[in-house]
Amino acid sequence: MRLKRVLGAVLSGAMVLSLAACGGGGDAETTAASKAEEISKEAAKETEAEKKDDAKETEAAKGGEEINKRIAYVVGNLGDKSFNDSGEVGMNVLREKGWDCKTIEVGDPSKADKWEDMILDVIDEGYYYIVASSTYTDIILKLAEEYPENRFVIFDDSKDESEIPENVAFIFYAQNEGSYMVGQMAAGMTETGVVAVNVGMDNPVIADFVTGFVNGVQDYDPEVKVIKASVGSWTDPAKMKELCLSQARDKKADVFYQVAGGSGGGLFEACKELGTWAIGVDSDQYAYYKDSENPELADVILPSMLKNVGDSFVAFFEDVENGEDVWGKLNRLGLKEKSVGYVDNEFFQQNVPQEIRDKMAEAQEKILAGEITVKSYYDFANEAEYQQLLDSVAP
């Protein structure tokens, strides 16, 4: 497959050989010309063979039971007990259903220069579907153009459908809706009137979490203040812990929501030390920590806001098997599709007063009924409007 990329270089090399021979003459010129012709013919043969293989693969993907069932899941690192692990749960379900799923851990941003080659490797191995998050959008769109026979899924990102290639599908989550409900809980549980939402890094998706959370807090009690901060990394729990400790000390924050991947563990450690409450994200982080080497951290996590990445993968590829028209589209998933929500477990029920739980359940019903439209980062005209929201609720 990667021959497409090197063919140009091969032909250029052939031209160089031919041009070099022009200065000489006789046998040198004949030998160089022959060599150039031989290289060009060999490259042409390989390209034609590749086209035939691609055509067979495409036909297999169209053929019902013959569908190509090979998926490569591209992820930074597993073990975040959150977003990435949720996706892997979905891949495990698909494996049980007979799909060949390969998970590629490409590492943190310090290895970004290797990401494209690592994805190319799995394409070369014959993986037909490439599934990757918004972190890799630019790379995936570039490869989608170079490999039109493959199919690419970009999740946790949004794009105008008129700009989505025919071999690409976007999966976008309404994380603002789930964040709204845990924002309501945070406002109800705070005793100091100050809550915090701390993120790993800033991007539009994360800003949508923050926007929904602030909206929920303010709708519950407009007097409650919200601190928003970023640690600048998905993998720095130590820095996250220090940030939370300083927010409690300097701003009196006493409920903390993390949207920070692997850095989020530091928030739970800080809450355990402080004796304050935490809100998890993406997966049921109470359950994760209860069965971990640090089960005491589970006892600070009231609910987790759910972003059911794994469930969305399973539903998406069921649609693919059923011949649904998913390509070239933005597939938006929210409360209605059960792709976001919050964990309503026994620990949550024991520690959150009934009044607050009723308020959250009511908000969920009103969102589903269209009676509440949760604010979204994507509705702001520009970044300045988002910043104005944050400034308006800061302590």
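Residues numbered from 1 in each chain as written. Predicted model: local features only at pLDDT ≥ 70, side-chain atom pairs only at ≥ 80, totals over all residues. Heavy atoms only, no water.

**So, the overall build of the protein chain**
Okay, step 1: Each helix and strand in the protein chain was counted, giving 14 helices and 12 strands.
Okay, step 2: Residues counted as buried form 51% of the 395 residues belonging to the protein chain.
Okay, step 3: Taking contacts inside the protein chain between residues at least 6 apart in sequence as the whole, the part at least 24 apart equals 71%.
Okay, step 4: Just so you have it, the protein chain exposes about 18000 Å², and 48% of that area is on carbon and sulfur atoms. (Helix = DSSP H or I, 4+ residues; strand = E, 2+ residues; numbered from the N terminus. Buried < 20%, exposed > 50% of the residue type's maximum accessible area, 1.4 Å probe, protein only. Contact = heavy atoms within 4.5 Å. Areas by Shrake-Rupley, 256 points an atom, 1.4 Å probe, with all protein chains shown as cover.)

**Topic: the nonpolar core**
Okay, step 1: Counting 94 residues, the largest nonpolar core has Phe 213, Tyr 257 and Phe 317 as its most contacted members.
Okay, step 2: In terms of nonpolar packing, the next biggest core, distinct from the first, is built from 24 residues, Trp 115, Tyr 147, Val 168 and Phe 170 among them. (Core = buried A, V, L, I, M, F, W, Y, C linked by side-chain atoms within 4.5 Å.)

**Re the pattern of salt bridges**
Okay, step 1: Under the definition given, this model contains 16 salt bridges.
Okay, step 2: Among the salt bridges present, the one from Arg 70 reaches Asp 100, with a minimum N-O distance of 2.9 Å. Of this pair, Arg 70 sits in strand 1 (residues 70–75) while Asp 100 sits in strand 2 (residues 100–105), and the two are 30 residues apart along the sequence.
Okay, step 3: Residues Glu 362 and Lys 366 are paired through a salt bridge, measuring 3.0 Å at the closest nitrogen-oxygen approach. Note that Glu 362 and Lys 366 are positioned in helix 13 (residues 354–369) at a spacing of four residues, about one turn of the helix.
Okay, step 4: For Lys 366, a relative accessible area of 30% gives the class partly exposed. (Salt bridge = Lys/Arg side-chain N within 4 Å of Asp/Glu carboxyl O.)

**Concerning the side chain of Thr 137**
Okay, step 1: Position of Thr 137 relative to the elements: it lies in helix 5 (residues 137–146).
Okay, step 2: Beyond its immediate chain neighbours, meaning those up to four positions away, Thr 137 contacts Ile 154, Asp 157 and Phe 170.

**Section: the pairing of strand 4 (residues 151–155)**
Okay, step 1: Counting buried positions over the five residues of strand 4 gives five, a clear majority of the element.
Okay, step 2: Both faces of strand 4 are covered, namely the face carrying Arg 151, Val 153 and Phe 155 and the face carrying Phe 152 and Ile 154.
Okay, step 3: The pairing of strand 3 (residues 129–133) with strand 4 spans five bridges and is parallel. Looking across to strand 4, one finds that Ser 133 is bridged to Phe 155.
Okay, step 4: Where the polypeptide runs from strand 3 across helix 5 and back to strand 4, its parallel neighbour, the crossover connection is right-handed. (Pairing = 2+ DSSP bridges. Right-handed = clockwise from strand over helix to strand, strands pointing away.)

**As for helix 4 (residues 112–124)**
Okay, step 1: Taken residue by residue, helix 4 has Trp 115, Glu 116, Ile 119, Leu 120, Val 122 and Ile 123 as its buried positions. On an axial view of helix 4, the arc spanned by its buried residues comes to 160 degrees, and they lie on one face.
Okay, step 2: Directly after helix 4, the chain includes Gly 126, whose backbone phi takes a positive value near 100 degrees. (Arc of directions from axis to C-beta.)

**Looking at the packing of helix 4 against helix 5**
Okay, step 1: Direction vectors running N to C along helix 4 and helix 5 enclose 45 degrees, while the axes themselves pass 11 Å from each other. Classified by the interaxial angle, the pair formed by helix 4 and helix 5 is oblique. Helix-helix and strand crossings are classified by hand; for helix 4 and helix 5 the assignment is right-handed. For the pair formed by helix 4 and helix 5, the contact residues are Trp 115, Glu 116, Ile 119, Leu 120 and Ile 123 on the first element and Ile 139, Ile 140, Lys 142 and Leu 143 on the second.
Okay, step 2: When its residues are assigned to classes, the contact of helix 4 with helix 5 shows seven nonpolar, no polar and two charged. (Axes fitted to C-alpha atoms, helices over the stretch in contact; angles between N-to-C directions. Parallel < 35°, antiparallel > 145°, perpendicular 65-115°, else oblique. Left-handed = near helix turned anticlockwise from the far one by under 90°. Nonpolar A, V, L, I, M, F, W, Y, C, P; charged D, E, K, R; others polar.)

**Topic: the sheet that holds strand 10 (residues 301–307)**
Two strands in a sheet stick together by hydrogen bonds in their backbones, pointing the same way (parallel) or opposite ways (antiparallel).
Okay, step 1: Read across the sheet, six strands follow the order 7-6-8-9-10-12 without closing on themselves; strand pairing throughout is mixed. The sheet is open, and its two borders are formed by strand 7 (225–230) and strand 12 (340–342), each paired with just one other strand. Put simply, the sheet's adjacent strands are angled 15 degrees from each other on average, direction ignored.
Okay, step 2: The pairing of strand 10 with strand 12 spans three bridges and is antiparallel. Along strand 12, the bridge assignment pairs Lys 307 with Val 340.
Okay, step 3: Contacts from helix 7 (residues 204–220) reach strand 6 (194–199), strand 7, strand 8 (255–259), strand 9 (277–282) and strand 10, with the element oriented near 170 degrees to strand 6.

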